[in-house]
Amino acid sequence: MNECINIKTKSSVSVGQNQTGLDFRAVLNDEQYRAVSEGDGPCLVLAGAGSGKTRTVVYRVAYLIGSGVRSDEILLLTFTNKAADEMMGRISELLSGRGEVAGLWGGTFHSIANRLLRLHANRLGFSPSFTILDQDDAKAMIKTCIRESVLDSKENRFPSPAVVQSIASYAKNAMVSISSVLERRYPDFIHLEKDIVGILETYDHKKRNSNAMDFDDLLLHLYFLLSDEADIRRSVAFRFRYILVDEYQDTNALQDSIVRLIASVHGNVLAVGDDAQSIYSFRAANVRNILDFPSHFPGAKQFRLETNYRSTPEILDLANDVISRNVDQFPKQLKAVRPGSSLPRVISMPSAAAEANFIAGKIEELTKDVSIDPHEIAVLFRATHHSQALEFELMKRGLEYEYRGGLRFFERAHVKDVLAFLRLAHNFTDESAWRRVLSFQQGIGEVTSDRIFAAVLASGSLAQALLTPTIESVAGKRAAIGWRDLKEVLDGLVSADGRPADMIRSLLDSSYVSYLNAEYPNARERLEDLGQLASFADGYDSTVDFLAEVALNDALYTKGATSTARNRKNVRRIVLSTIHQSKGLEWDTVFVLHLTGSGFPNQRAFAEPGGLEEERRLFYVAVTRAKQRLFLCYPRRAGFDGGIEYPSMFITEVDKSYLDLPDEESNGVSGSVHLFADPDYDDETIELDESGEIRAVRRRLANWKKGSFLRDV
DNA sequence: GCCCGTACACTTTTT
DNA sequence: GTGTACGGGC
Ligand SMILES: Nc1ncnc2c1ncn2[C@@H]1O[C@H](COP(=O)(O)OP(=O)(O)OP(=O)(O)O)[C@@H](O)[C@H]1O
């Protein structure tokens with residue numbers, strides 16, 4: 001996405017232009033141009049990877065603004081913050097100097113829901129300064145609800161807070177009852193329906209009393225606001241003349257309903273997506289939403305994009321072969337236009353460490369010898385722990401990288417502790433925040449935490465709670481030290497009240513620091529994180545805004561909040577990412593890591609109906625991220641016990657003529673450890689007789705242990 | 001009754 | 001490295 005912007009030159013004025021001065025004809029094909037220029041009413045672009053769907057959306061926004069549509073009448077919905085950021089950046093580049101982009105409503109469904117709910121929260125019985133609970137907060141709160149509930153059944157294996165949370169989440173997003181989620185996804189717990197429903201009712205009460213919403217509530221409450229409050233629906237739907245939704249295949253029932261409600265006045269919806277790239281079914285995403293779009297929006301125009309501009313024909317051939325193995329799909333044409341190059345390479349290595357070593361070496365070669373921009377190289381993986389060996393290797397070589405996936409900066413325990421303090425200063429009824437800060441005080445456990453929280457509520461305000469002696473007596477002797485410490489910290493916080501950054505700095509000067517030092521060997525790193533959090537917070541005057549953006553991970557990309565000093569922006573770094581987070585993006589060179597039979601497809605996927613096809617779509621997404629070079633890598637031994645691994649079925653099932661396989665493959669018997677062996681790294685031959693195999697395993701184990709020890713340091 | 005140390009299991013994907 | 005389960009000790 002980095003070709004230059006076509007600004008009108010004085011001499012050439014083509015029909016494809018409007019007031020933006022952009023030559024739309026020159027940068028779009030005919031079908032794209034039609035979608036951009038004749039896109040009033042409901043429109044659907046259902047097309048394959050790299051066919052220019054996102055580009056269509058971006059230029060459509062530019063076109064609308066150029067045609068006199070006010071930017072605040074346009075709603076652009078995306079799936080991830082990264083995607084939102086990329087598109088907004090692209091649009092403001094296109095319209096540079098026009099300064100109209102600022103008014104555009106663009107972001108994830110959750111962040112748009114947040115903005116709308118802030119305006120109308122009182123209609124729902126919330127205050128507009130409500131707090132957002134992330135998944136971790138939600139789990140912790142549900143844990144309390146489970147503990148408080150008197151369980152009907154004497155079941156000793158009650159589902160964990162994480163499971164209850166995911167049941168609740170799925171039900172809301174799919175807009176179905178708890179019992180149907182249990183039937184479909186957790187049949188083992190069907191008999192616990194009553195208990196679970198009761199616990200979730202308690203959870204809802206607690207959230208209301210705390211003026212808090214979890215991620216799912218953001219969508220659900222927006223839905224209720226739009227469906228039940230006719231005047232608000234009319235004004236919101238009237239306001240947004242144009243709605244554009246990227247990656248529509250990954251919307252769930254709740255999101256789809258929200259789009260339909262917001263479109264209820266003007267009906268100008270541009271939905272863009274690819275059913276072959278639907279990879280969020282665990283979040284209740286449903287491909288039916290895009291496939292049924294024409295029947296939900298009668299008269300919808302459909303546009304076919306059948307040219308892949310992104311990848312070489314070799315990469316596209318492989319991708320088409322991969323996806324053709326899925327039975328359940330909407331057939332699409334996709335032709336390459338880029339010049340031919342080399343076949344995607346399969347790389348087999350004896351171990352995860354060797355795999356990492358190969359990739360790191362190849363990256364150095366590409367960046368130094370071939371002068372590839374490091375930011376045009378990505379390493380993709382199914383699960384975050386697959387990248388551990390590579391991270392280790394990259395650090396060893398001093399290669400900087402950007403990491404996308406797993407725990408985010410704002411989700412780290414110490415960051416969340418500090419945020420909990422800020423939440424309390426802002427709203428003393430925030431139960432989840434109280435529980436969090438009480439949980440790490442000396443002598444205060446769950447029971448004392450219950451008592452203190454009840455006494456705090458009864459006292460009527462934070463200031464009063466800090467003054468009143470009742471809490472001391474309620475807490476008891478053992479908890480006295482803990483409560484005194486906490487009170488001191490909160491006192492400091494209250495006197496620093498005002499800007500979020502000041503409050504964070506007051507915490508950095510409190511007994512919380514001694515707690516960190518006592519608790520964590522890496523306290524210094526954690527303190528550095530908190531220092532960064534403080535300087536990041538300098539950009540905010542409002543604690544509410546700060547907390548909301550941080551909870552939604554909204555602030556992450558645009559404002560450059562990063563975890564460590566080496567992760568500074570403006571440096572072109574290679575990207576390590578989960579495949580899920582790579583959606584919609586592209587790189588010159590892509591490595592896919594850990595393509596083993598047990599790692600990818602993920603074993604758990606087999607338990608779900610349609611799970612394997614979803615894994616294959618995930619592989620399809622990974623393959624189609626590559627523009628020029630693609631490496632498919634797997635270790636022949638991996639895991640904590642250094643067990644034998646076989647190549648993923650996604651490698652073995654495709655037509656061999658689409659892959660550049662290692663030499664040995666032709667001799668390899670299926671199931672042999674030599675399958676696809678790379679001759680360069682074949683020093684560690686595994687004998688198939690018993691003694692030889694044991695010896696080899698021992699050596700690998702020793703190496704692995706060394707690696708894991710160093711990682712911990 | 002309540003807290004806290006220790007042993008143990010488990011770790012897909014995201015807002 | 002994180003969350004839960006259990007038993008000793010205050
Ligand atoms: N008409 C065009 N002419 C030249 N290049 C184009 C054209 N349309 C799109 N491209 C380029 O093709 C690449 C893929 O486009 P884009 O990201 O919009 O595709 P997409 O359909 O959204 O892909 P995906 O489904 O994988 O997200 C980009 O580099 C884009 O700049």
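Everything quoted here is computed from the prediction, not taken from an experiment.

Q: Honestly, the protein's contact with DNA strand B in this entry has me stumped. Any pointers?
A: Inspection of the region around DNA strand B gives 29 residues, with R382, G443, T448, R451 and R604 positioned closest. In DNA strand B, the atoms that sit within 4 Å of the protein are 63% sugar and phosphate, with bases accounting for the remainder. Contact distances for DNA strand B include 3.3 Å between a sugar or linking oxygen and a side-chain N or O atom of R283. Secondary structure elements with two or more residues in the surface near DNA strand B: helix 20 (446-459) and helix 29 (579-582). The element best represented in the surface near DNA strand B is helix 20, accounting for 4 residues. Here the surface near DNA strand B is composed, by residue class, of 7 nonpolar, 15 polar and 7 charged.

Q: Got a minute to help me understand the confidence of the model for chain A in this structure?
A: Residues of chain A with pLDDT of at least 70 account for 86%, and the chain-wide mean is 84. A low-confidence stretch, residues 1-15 stays under pLDDT 50, and its non-local contacts, those more than four residues away or across chains, total 27 contacts. Low pLDDT, under 50, characterises residues 665-713; the predicted model gives this stretch 73 contacts beyond four residues in sequence or across chains.

Q: Teacher, can you tell me more about the domain arrangement of chain A here?
A: Many structure descriptions define interface size as the accessible area lost when the parts assemble. Split into domains, chain A comes out as domain 1 (24-117 + 222-305), domain 2 (131-210), domain 3 (335-400 + 571-665) and domain 4 (411-553). Put simply, the middle of domain 1 and the middle of domain 3, counted by C-alpha atoms, are 31 Å apart. Opposite the 17 residues of domain 1 that make contact, domain 3 presents 11 residues. Between domain 1 and domain 3, a total of about 1200 Å² is buried, with carbon and sulfur atoms accounting for 56% of that surface.

Q: Help me understand the site of the ligand in this model?
A: Neighbouring the ligand are 20 residues, the closest being Q32, K53, T54, E586 and R625. One of the backbone N or O atoms of V27 is found 3.4 Å from a nitrogen atom in the ligand. Take R310: an N or O atom from its side chain is 2.8 Å from an oxygen atom of the ligand. Protein burial of the ligand: of its 630 Å² of free accessible surface, 88% is covered by the chains. When residues of the shell around the ligand are assigned to their parent elements, the largest contribution, 3 residues, is made by helix 3 (residues 53-66). A domain split of the shell around the ligand shows at least three residues from each of domain 1 (24-117 + 222-305) and domain 3 (335-400 + 571-665).

Q: In this structure, what is going on with the sheet that holds strand 11 (residues 345-349)? I would like to understand it.
A: Whether parallel or antiparallel, the strands of a sheet pair through hydrogen bonds between backbone atoms. The parallel open sheet is built from 6 strands, whose spatial order is 11-16-15-12-14-13. Looking along the sheet, the strands with just one partner apiece sit at the ends: strand 11 and strand 13 (401-404). Ignoring strand direction, the axes of neighbouring strands in this sheet form an average angle of 20°. Pairing of strand 12 (residues 377-381) with strand 15 (residues 587-592) involves 4 bridges; the strand directions are parallel. Considered in strand 15, the bridge of I377 is made with T589. Helix 30 (residues 611-623) rests against strand 12, strand 15 and strand 16 (626-635) of the sheet, and its axis sits at about 130° to strand 16.

Q: When you look at the packing of helix 10 (residues 215-228) against helix 11 (residues 230-239) in this model, what are you seeing that I'm missing?
A: Each packed pair of helices is defined by two parameters, the angle between the axes and the distance between the axes. Helix 11 packs onto helix 10 with a crossing angle of 100° between their chain directions and a minimal axis gap of 5 Å. When the axis of helix 10 is compared with that of helix 11, the two are roughly perpendicular. Listed contacts from helix 11 to L225, L226, S227 and D228 of helix 10 are A230, I232, R233 and V236. Of the residues in the contact of helix 10 with helix 11, the class split is 5 nonpolar, 1 polar and 2 charged.

Q: Just to check I follow, could you spell out the side chain of D137 for this structure?
A: Note on placement: D137 falls in helix 6 (residues 135-148). A distance of 3.3 Å separates a polar atom in the side chain of D137 from a polar atom in the side chain of R423. Among all residues touching D137, those that are not within four sequence positions of it are I132, K416, R423 and S432.

Q: Explain the pattern of salt bridges here, please?
A: Opposite charge on two side chains permits pairing when their charged atoms draw close. Overall, the coordinates contain 56 salt bridges when judged by the stated rule. Between D40 and R60 there is a salt bridge whose closest N-O contact spans 3.0 Å. Residue D40 is found in the loop between helix 2 (30-37) and strand 1 (43-46), and its partner R60 is found in helix 3; the two are separated by 20 residues along the sequence. By relative accessible area, which is 41% here, D40 ends up partly exposed. The salt bridge involving E247 is made with K583; its shortest N-O contact spans 3.9 Å. Remark: K583 occurs in the loop between helix 29 and strand 15 and E247 occurs in the loop between strand 6 (242-245) and helix 12 (253-262); sequence separation between them is 336 residues. Here the two residues E247 and K583 agree in accessibility, since each one is buried.

Q: Looking at this model, I keep getting lost on helix 30. Mind explaining?
A: In an α-helix, one turn spans 3.6 residues, which is why side chains three or four residues apart end up on the same side. Spanning 13 residues, helix 30 covers 19 Å between terminal C-alpha atoms, matching the ideal 18 Å at 1.5 Å per step. Restricting attention to buried positions, one finds in helix 30 the residues G611, E613, E614, E615, R616, R617, L618, F619, Y620, V621, A622 and V623.

Q: Would you take a moment to explain the packing of helix 25 (residues 511-519) against helix 26 (residues 523-537) for this structure?
A: Look at helix 25 against helix 26: their axes get within 8 Å of each other, and the N-to-C directions meet at 145°. At the point where helix 25 passes helix 26, the crossing takes the right-handed sense. Only A523, R526, L527 and L530 of helix 26 make contact with helix 25, whose side of the interface consists of Y512, V513, L516 and N517. Per-class residue counts for the contact of helix 25 with helix 26 are 6 nonpolar, 1 polar and 1 charged.

Q: Explain the sheet that holds strand 1 here, please?
A: The strand order across the open sheet built from 6 strands is 3-2-6-7-1-8, with neighbouring strands paired in parallel fashion. Only two strands of the sheet have a single partner each, and these edge strands are strand 3 (105-108) and strand 8 (301-303). Neighbour to neighbour, the strand axes of the sheet diverge by 15° on average, direction disregarded. Bridging between strand 2 (residues 74-78) and strand 6 involves 4 bridges; their strand directions are parallel. Bridge assignment links I74 to a residue of strand 6, and that residue is Y242.

Q: Whenever I open this one, the nonpolar core confuses me. Can you help?
A: General note: in soluble globular proteins, nonpolar side chains tend to be found buried as a group. Residues F421, W434, L490, L533 and F546 are the most contacted members of the largest nonpolar core, which totals 48 residues. The element that contributes the greatest number of residues to this core is helix 18 (residues 413-426), accounting for 7 residues. Contacts of W434, omitting those with residues within four sequence positions, involve L424, F428, F453, V456, L462, W483, L486 and L490. Core analysis: the second largest hydrophobic core is formed by 43 residues, L124, L254, I262 and I290 among them.

Q: Help me understand the packing of aromatic side chains, please; the structure alone is not making it clear to me.
A: A ring pair, where both rings are aromatic, is described by two values, the distance of the centres and the angle of the planes. Enumeration according to the criterion identifies 26 aromatic pairs in this entry. Ring centres of F421 and Y512 lie 6.0 Å apart, and the angle between their planes is 75°; this geometry places the pair in the edge-to-face category. Here F421, found in helix 18, pairs with Y512, found in helix 25; they are 91 residues apart in sequence, far enough to count as distant. Side by side, F421 and Y512 carry an identical accessibility label, which is buried. Three or more aromatic residues joined by ring pairs form one cluster here, namely F409, F410, F536, Y540 and F546. Here the guanidinium or amino end of K583 rests over the ring plane of F79, the centre of that ring lying 4.8 Å away.

Criteria and thresholds
- Residues numbered from 1 in each chain as written.
- Chains lettered and ligands numbered in written order.
- Predicted model: local features only at pLDDT ≥ 70, side-chain atom pairs only at ≥ 80, totals over all residues.
- Heavy atoms only, no water.
- Near = heavy atom within 4 Å.
- Polar contact = N/O pair within 3.5 Å; in protein donor to acceptor, adjacent residues only side chain to side chain.
- Helix = DSSP H or I, 4+ residues; strand = E, 2+ residues; numbered from the N terminus.
- Nonpolar A, V, L, I, M, F, W, Y, C, P; charged D, E, K, R; others polar.
- pLDDT = per-residue confidence, 0-100.
- Contact = heavy atoms within 4.5 Å.
- Domains from an automatic or database assignment.
- Buried area = accessible area lost by both parts, 1.4 Å probe.
- Areas by Shrake-Rupley, 256 points an atom, 1.4 Å probe, with all protein chains shown as cover.
- Pairing = 2+ DSSP bridges.
- Axes fitted to C-alpha atoms, helices over the stretch in contact; angles between N-to-C directions.
- Parallel < 35°, antiparallel > 145°, perpendicular 65-115°, else oblique.
- Salt bridge = Lys/Arg side-chain N within 4 Å of Asp/Glu carboxyl O.
- Buried < 20%, exposed > 50% of the residue type's maximum accessible area, 1.4 Å probe, protein only.
- Expected span 1.5 Å × (residues − 1).
- Left-handed = near helix turned anticlockwise from the far one by under 90°.
- Core = buried A, V, L, I, M, F, W, Y, C linked by side-chain atoms within 4.5 Å.
- Phe/Tyr/Trp six-rings, centres within 6.5 Å; stacked < 30°, edge-to-face > 60°.
- Lys NZ or Arg CZ within 6 Å of the ring centre and 35° of its normal.

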